[in-house]
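# Close look at the chain arrangement
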Amino acid sequence: MSFPAFFLLFPLIIIPIIIHLLSRKKLKKIDFPSLLFIIKNEIRFIRWFQLKRLLLLITRISLLIFLILAVVNLKVPFSFFNPAKTLILDNSPSMEKIEINDKNAFIVPMHSGIPQFFSYLKKHSPGILITDAQKNGFTEILKEREKFPGIRIKKTAFPQGNLAIVGAESGPAYQGKKFNINFNILNKYKEKRKTRSTLKLDGKVFMEKNRILKVGESDLSFNLSLPRGLHQLSLELEDKKGFNFDNKYYLTVNVRAKQNIYILSDDYPERLIAALPPSYYEVKWVRGTSEIKGNLFIANNVDKKSGLSLLKNPISGIICLRGAENTSISNKIPDRISTVVEKSSLNNSSDLKALSQIPISYNCIITDGKTLMYFENGNPFVSKIKNHLILPTSLEENDLSLHPVFIPFLFNLINSLSEEPFCSNILLDEPIVITNFLKPTIISPKGNEYAGDPVNADNYIFKETKECGIYKITDGNKIIGLIAINNHPSESKLESLSDEELRYIFGRSGLTNGASFFLTLALLCFILSIFIERRT
Amino acid sequence: MELLKPEILEKISTLNLRAKIIVKGFLTGLHESPYHGFSPEFKQHRPYYPGDPISKINWKLYARTERFYLKKYQAETNLSAFLILDKSNSMKFGEKISKFHYARTLAAALAYLLLRQNDSVGLVLFDSKIESFIPTRSRMKHLNYLLGTLSKNEPSGKTSISNAIFELIPLIKKRSLFILFSDLLEDPKKVIKNINIMKAKKHEVIVFHILDRKELNFSFHNEALFRDMEDSKTILADPKNLRSLYKNKLNQFISRYKMGFARKRVDYFQIITDTPYDKALREYLEKRKRLS
């Protein structure tokens, strides 16, 4: 609205007042022989006549005011004559974006959470923003904000809390052994909730539990014993009287056979042995390279000479080098401490990302082989030569081995050497990198097939990870891997946007241009004034 | 007869000339003298022709001659007529010609017509009371006096027909014909009551109810302030809204007069001011003829 223009045009409302005054003076006087026959109508008519004049004055003034407001384009706090389809729905991953029609900016949600809003939708006219109000879910709308000027904001009455499954942890799964799966629950209720959880294994109901979740309780654990091989798991948590969304979580598990691991070390490898539970591994400590047998070996803190000879061993192993001199596989450097960066191709597990917080000391650089993980300064951390993994540090004498992330890291190292099927759990929209497969294909939960883009000779990347569920990896003949994809945990947190944030997205108080609104009112006033004028 | 239209005649300045033109024009258009039956002095007989009124047949002569003869009469001065003209303010009203001007001209024409047949004519002008009173005379010179009085007077004052009649009755001793020109804007009950007194005294009464077309139809369009011409009261009114109601009331009012006059055998003529004078005269005379 332009205030100078408003004040410039405002004096125009004098016009109907002048017309009103002039028409009063203009009233014709007629001399008539007798008022005998009209006198009885006087009072009624004069009242109507005065009212008519007043109404005419009011409608004419209103007409002019509305015209002025239309000209200065006063903004109104609601949409008028906007396209009918101005229903805006949050298209963040938690709501599952399906379609954006550019013409009408219509976003159709499919997520199970949306039906919860339908009853609200029925009660309100279009022009309402429907969202689960997760802050990070607004990125799409922020990009599109120009398309929705002046949209009316209605914060929906969200439930008092919510339950959602935001993560899962699985212990090592070995054939013949029970292992534990712990699902992390986001429990935002301030009272206990009756829930029913259904665990499905390979598409069939495997276990059902009725449970009352106490306030703040955030874990659901299952103890399982499964046959060897890949398994698809999903947990559905039903909040019986609540708001069910993000209540399904997918998980893949690879149940392995028990492994014989030989640890080559001068000193007793106390931490390594402790990290490898006897339930799943048969661990043996040896001092000489010739004694190594079994499925796999871990050579901790070995010198240059031992390292070179171990490379020739047909058994796969993890070789941790100690201050190596210049050799074909390593160069000695002064002692350094660094952290691992995330550009890992070893495994995308979120556990390994925690490595970036741990300082690791090392004193040589691996010069040979393929680097799988790097230090922050660019030096190789984990490299692969043939069927061996080489690390420039001791697993025993390092801060790393004292950290909780050490055990999953060690398991990952072991897993990457064993020829096990590919098994991974990632988040929505994260790319999948698959190594060493010949032209693999992934099949989405809905059955769509996607071919990966080659990154280099060994790696393929898949970006089509836009559905929650379990993706299958095939080599054309059989399933060689499973990937579970779930929402980012933060998507499940119901946090309303602040007024300031809403204003940032939609502009000042959600006001819209009122020109069409005021023009319509002016037209109505015009019609009304004609009607009143003709009315006798 | 175009010439006898009120709005054309009104352009002629002198009332005398207007009256003469009206009467001459009127007489030219007649095929038979309308005033043959008024003053019955026998002139001659003429044979009966089919269509002649049987009542005029001289039966005595038929007995003698066995032939039908009708008596013909020579008019003579035997009628005393008073022209009573309402000069109240309400008579000022009129779209093209005021009711007063119309009534005045009609009265003048009648005066001339009556004097031509040797009747004696008097004049009374009144509003709420008698303003002018001229006794009857039959000489033609008297016409100038009558017309002069008519010309000098313009409408003024409030109407009170009943009062004027009440004042007039004691002044008239001889049996007379009273010809009243008025818009009759007074309570019909009072007016008829006083006219009854006149009738009781064996006077003949003819009433010319002068009305304007606009007054009759209330054909105004926009809201206006209507001012009563007699008491200057003002009323804001919407004609479109009021028209039908107004017409109903006016018709009721006129009906009351018509019924009252008919009951007392008073001749009543409603004359609209756009009616040609000759037509008004013809209607009057034909009615008189029928009655006679």
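Before reading on, note that the structure itself is shown above.
Below is a summary of the structure that appears in this document. (Residues numbered from 1 in each chain as written. Chains lettered and ligands numbered in written order. Predicted model: local features only at pLDDT ≥ 70, side-chain atom pairs only at ≥ 80, totals over all residues. Heavy atoms only, no water.)

### Some details on the interface of chain B and chain A
Opposite the 28 residues of chain B that make contact, chain A presents 21 residues. If you sort the residues of chain B by the area they bury against chain A, Arg227, Ile235 and Leu236 of chain B come out on top, with a joint share of 23%. At the junction of chain B and chain A, the tally comes to 1 salt bridge. Close ionic contact of arginine 227 of chain B with aspartate 31 of chain A constitutes a salt bridge, the shortest N to O distance being 2.8 Å. Linking chain B with chain A are 6 residue pairs in polar contact (both at pLDDT 80 or more). (Contact = heavy atoms within 4.5 Å. Buried area = accessible area lost by both parts, 1.4 Å probe. Salt bridge = Lys/Arg side-chain N within 4 Å of Asp/Glu carboxyl O. Polar contact = N/O pair within 3.5 Å; in protein donor to acceptor, adjacent residues only side chain to side chain.)

### A short note on the sheet that holds strand S1 (residues 28–32) of chain A
The strands that make up a sheet pair up through hydrogen bonds in the backbone, lying either parallel or antiparallel. In spatial order, the strands read S1(A)-S8(B)-S9(B); together these 3 strands make up an open sheet with mixed pairing. Looking along the sheet, the strands with just one partner apiece sit at the ends: S1 of chain A together with strand S9 (234–237) of chain B. Strand-to-strand, the axes of this sheet are offset by a mean angle of 30 degrees, without reference to chain direction. When S1 of chain A meets strand S8 (residues 224–228) of chain B, the two strands line up parallel, connected through 5 bridges. Counterpart to lysine 29 of chain A in the pairing with S8 of chain B is leucine 225 of chain B. (Pairing = 2+ DSSP bridges. Helix = DSSP H or I, 4+ residues; strand = E, 2+ residues; numbered from the N terminus. Axes fitted to C-alpha atoms, helices over the stretch in contact; angles between N-to-C directions.)

### Here we look at the environment of serine 309 of chain A
Residue and element names in this part refer to chain A. Among the structural elements, serine 309 can be located in helix H7 (residues 304–311). The partly exposed category is assigned to serine 309, whose relative accessible area is 34%. On a C-alpha basis, the gap between serine 309 and threonine 289 in space is 8.1 Å, while along the polypeptide they are 20 residues apart. Of note is the side chain of serine 309, whose polar atom sits 2.8 Å from the backbone oxygen of serine 306. (Buried < 20%, exposed > 50% of the residue type's maximum accessible area, 1.4 Å probe, protein only.)

### Quick notes on helix H6 (residues 161–168) of chain B
Side chains three or four residues apart in an α-helix point the same way, a direct result of the helix having 3.6 residues per turn. Of all the positions in H6 of chain B, only Ile161, Ser162, Ala164, Ile165 and Leu168 of chain B are classed as buried. Across the axial projection of H6 of chain B, the buried residues extend over an arc of 160 degrees, all falling on one side. (Arc of directions from axis to C-beta.)

Everything listed is a geometric property; what it means functionally is a separate question.
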